[in-house]
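What follows is the residue order along each chain.
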Amino acid sequence: MVAHSKGYRTRTRKLLTKSVRERGAVPHLSALMYEYRQGEYVTIKINPSIHKGMPHRRYHGRVGVIVGKRGKSYEVKVTLGDKEKIIIVRPEHLTPFNGVKR
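In this convention, every chain numbers its residues from 1, walking through the sequence in written order. In view of the model being predicted, local features appear only for residues whose pLDDT reaches at least 70, and side-chain atom pairs are presented and counted only at 80 or more, with totals across whole chains, interfaces and linings using the full set of residues. Think of the side-chain values as coming from all heavy atoms in the structure, minus any hydrogens and water.

Caption draft 1: Local environment of the pairing of strand β2 (residues 63-70). The pairing of strand β1 (residues 41-44) with β2 spans three bridges and is classified as antiparallel. Bridging from a neighbouring strand, Thr 43 pairs with Val 63 of β2. Pairing between strands is defined by DSSP: at least two bridges between them are needed. A helix here means a DSSP run of H or I that spans at least four residues, while a strand means a run of E at least two residues long, and both kinds are numbered starting from the N terminus. Pairing of β2 with strand β3 (residues 73-80) involves five bridges; the strand directions are antiparallel. Paired with Arg 70 across the strands is Ser 73, a residue of β3.

Caption draft 2: The arrangement of the sheet that holds strand β4 (residues 83-89) in detail. The strand order β4-β3-β2-β1-β5 describes an open sheet built from five strands, whose pairing is antiparallel. The sheet is open, and its two borders are formed by β4 and β5 (94-96), each paired with just one other strand. The average undirected angle you get between the axes of adjacent strands in this sheet is 45°. Lines fitted to the C-alpha atoms define the axes, with helices restricted to the stretch that makes contact. Angles between their N-to-C directions range from 0 to 180 degrees.

Caption draft 3: Up close: the side chain of Asn 47. Residue placement: Asn 47 occurs in the loop between β1 and β2. Whenever a nitrogen or oxygen atom comes within 3.5 Å of another N or O atom, the pair is scored as a polar contact, on the condition that within protein one atom can donate a hydrogen and the other can accept it, and that pairs from neighbouring residues in sequence are kept only if both atoms are in side chains. Polar contacts involving the side chain of Asn 47 include one to the side chain of Lys 18, which spans 3.4 Å. A distance of 3.0 Å separates polar atoms of two side chains, one belonging to Asn 47 and the other to Ser 49.

The following block contains the structure:
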């Protein structure tokens, strides 16, 4: 038997697939040009067609706070269990959070 591979995108068949009508679509330019400010809340929504700056699948759907900017990417502070992690994500995988965060 061959060992099960444990790559960066394992077990993401459903999570990282687009619907039929979204296939081949590039993110809106306004979404890419949006400037996030420090302290702003964002939702991590992975765009599977863009591999650069893609966070790990465990962060998909999480809400984080913008801590800083690093080149074209943003540093986002996310709570994972009882720990706080800072991950580097490109704006293609971020959307502004429009819920209520306490």
